[in-house]
Amino acid sequence: MGDKKRFTSSRKLDHLHICAEQSVERGDAGFGDIRFVHNALPECDMGTIDLTTRFLNHKISSPLFISAMTGGHPGTKEVNARLARAAERFGLGMGVGSQRAALEDPSLADTFSIVRDEAPHAFLVANLGAVQLRDHGFAWVERAIEMIEADAVAIHLNFLQEAIQPEGDHNAVGCLDAIGELCREFKTPVIIKETGCGISEKVAKQCWGMGVSAIDIGGWGGTSWAAVESVRADKSRNEPDKRLKNLGEAFSEWGIPTVVSLAEVLATGGPVIASGGVRSGLDMAKGLAFGADLCGMALPLLKPAMENDEALNRTIEIIHQELTSAMFLTGSVQIADLRKARMFILGRTRQMIEKDNPARTRKYY
Ligand SMILES: Cc1cc2nc3c(=O)[nH]c(=O)nc-3n(C[C@H](O)[C@H](O)[C@H](O)COP(=O)(O)O)c2cc1C
């Protein structure tokens with residue numbers, strides 16, 4: 001294996017361990033600023049609450065989406081297998097981590113394809129960076145989709161991480177055009193996904209204009225890639241890496257909080273996945289009430305997935321119980337009913353949502 005390939009692959013394992021073992025969450029996604037109006041007479045039976053939903057023409061058993069995390073190093077295969085078994089068991093959608101490592105070195109493909117083996121019926125999303133799309137074109141996207149027999153492909157935007165990584169790609173020119181070309185030429189749906197800094201109204205409009213099928217917010221307030229790269233740089237003995245450690249910490253404040261990004265993107269269209277700092281079934285209920293179609297979680301599922309299947313199944317059951325309780329207490333029998341639930345939007349989240357458009361919170365309460 002060449003140095004570059006080995007590096008891409010070993011970085012995947014570094015990321016998994018840093019995220020599972022160190023403190024890498026920063027900020028406030030904004031869910032704490034949202035309160036549902038309690039329905040003291042919900043007039044529905046909690047036992048009949050139905051979590052099924054549709055996304056990009058697929059029926060999905062729950063709006064919980066397993067966000068892109070891993071694959072690309074032999075040590076990540078079992079984690080992907082566990083996540084996929086949970087996706088199959090609970091009928092969830094799931095994204096795999098960036099498939100770049102396996103495209104550079106096909107011997108790593110099984111760390112991704114295991115996901116389709118374990119989840120033959122799940123809605124699966126392939127994953128590639130916008131820079132790799134621009135530089136390698138459709139051939140890589142095609143292979144990434146085939147590798148897991150994906151139902152959609154996510155093109156991730158991670159320029160904060162690129163700016164901070166010593167080996168990062170600092171040239172973003174041409175990515176938007178590459179996305180447009182992909183959407184025009186491919187019949188597989190294209191999802192644009194941020195990775196922790198959120199999507200603004202302007203970028204959402206550019207993406208819909210290019211023909212993307214869905215947007216995954218990936219907002220600020222959950223896993224911070226600035227923090228992850230800062231921890232990674234801190235482990236290094238090189239002096240330049242110490243500078244990157246400080247840069248990473250300084251930029252852990254950078255990004256659009258998930259709820260604010262959600263309001264901005266939903267003002268421009270949909271479908272939308274709310275992700276970044278979604279930490280419970282109650283956060284999910286708030287995201288869905290805002291208008292999200294699915295809610296993605298990464299870090300909360302990573303830790304149990306690194307333990308065993310039982311720990312992961314238990315975590316998902318608790319999340320579903322929280323979501324079901326929030327639906328019951330707002331009198332929502334179906335996911336669509338949650339969109340009619342009244343909410344108060346408070347504090348900084350409200351200020352940010354109303355900043356350019358004072359009317360934007362009006363429909364929620
Ligand atoms: C260990 C780990 C690896 C990740 N790798 C990828 C990746 O390869 N591609 C991608 O689009 N997002 C990746 N993400 C980002 C997540 O999909 C998600 O957008 C982000 O972590 C925010 O969600 P969270 O706050 O629930 O963790 C990764 C997240 C984690 C925790």
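Residues numbered from 1 in each chain as written. Predicted model: local features only at pLDDT ≥ 70, side-chain atom pairs only at ≥ 80, totals over all residues. Heavy atoms only, no water.

Some words on the pairing of strand β8 (residues 190-194)
Now for step 1: A large share of β8 lies buried, amounting to 5 of its 5 residues.
Now for step 2: A two-sided burial pattern is seen for β8, the buried positions comprising Val 190, Ile 192 and Glu 194 on one face and Ile 191 and Lys 193 on the other.
Now for step 3: Where strand β7 (residues 152-157) and β8 come together, 5 bridges link them in parallel fashion. Within β8, the residue paired with His 156 across the bridge is Lys 193. (Buried < 20%, exposed > 50% of the residue type's maximum accessible area, 1.4 Å probe, protein only. Helix = DSSP H or I, 4+ residues; strand = E, 2+ residues; numbered from the N terminus. Pairing = 2+ DSSP bridges.)

Section: empty space enclosed by the protein
Now for step 1: Summed over all chains, the structure comprises 4 cavities of 30 Å³ or more.
Now for step 2: There is about 710 Å³ of room inside the largest cavity.
Now for step 3: Lining the largest cavity are 40 residues; nearest its centre among them are Ala 68, Met 69, Lys 193, Thr 195 and Trp 225.
Now for step 4: Of all the secondary-structure elements, those providing two or more residues to the lining of the largest cavity are α1 (3-21), β6 (124-129), α5 (130-148), α6 (159-164), β8, β11 (294-297) and α13 (299-307). (1 Å grid on protein atoms, 1.4 Å probe; cavity = no way out; pocket = protein on both sides within 12 Å on 5 of 7 lines; lining within 4 Å. Points joined across faces, edges and corners; volume = space filled by probe spheres on them.)

A look at the state of the cysteines
Now for step 1: Per the counting criterion, the structure on display carries 0 disulfides.
Now for step 2: Free of any disulfide, Cys 183 has its nearest neighbouring cysteine sulfur in Cys 207, separated by 8.3 Å.
Now for step 3: Cys 44 provides the cysteine sulfur closest to Cys 295, a residue in no disulfide bond, and the two sulfurs are 19 Å apart.
Now for step 4: Relative accessible area serves as the criterion here: at 1%, Cys 295 is assigned to the buried category. (Disulfide = S-S within 2.5 Å.)

Things to note about the site of the ligand
Now for step 1: Around the ligand, the structure places 23 residues, and the nearest of them are Ala 68, Ser 98, Thr 223, Arg 279 and Ala 298.
Now for step 2: A distance of 2.5 Å separates an oxygen atom of the ligand from a polar side-chain atom of Thr 223.
Now for step 3: For the ligand, an oxygen atom lies 2.7 Å from a polar atom in the side chain of Arg 279.
Now for step 4: Coverage of the ligand by the protein amounts to 97% of the 600 Å² it exposes when considered alone.
Now for step 5: Sorting the residues of the shell around the ligand by element identifies α1, β8 and α13 as the ones contributing at least two each.
Now for step 6: In terms of residue count, α13 provides more of the shell around the ligand than any other element does, 3 residues in total.
Now for step 7: Classifying every residue of the shell around the ligand by side-chain character gives 10 nonpolar, 10 polar and 3 charged. (Near = heavy atom within 4 Å. Polar contact = N/O pair within 3.5 Å; in protein donor to acceptor, adjacent residues only side chain to side chain. Areas by Shrake-Rupley, 256 points an atom, 1.4 Å probe, with all protein chains shown as cover. Nonpolar A, V, L, I, M, F, W, Y, C, P; charged D, E, K, R; others polar.)

Looking at a nonpolar patch on the surface
Now for step 1: A surface patch of nonpolar side chains, about 290 Å² in accessible area, is lined by Leu 247, Phe 251 and Trp 254.
Now for step 2: In this fold, Leu 247 is placed in helix α10 (residues 239-250). (Patch = residues over 30% accessible without salt bridge, like charges linked within 9 Å, V, L, I, M, F, W, Y side chains within 5 Å. Salt bridge = Lys/Arg side-chain N within 4 Å of Asp/Glu carboxyl O.)

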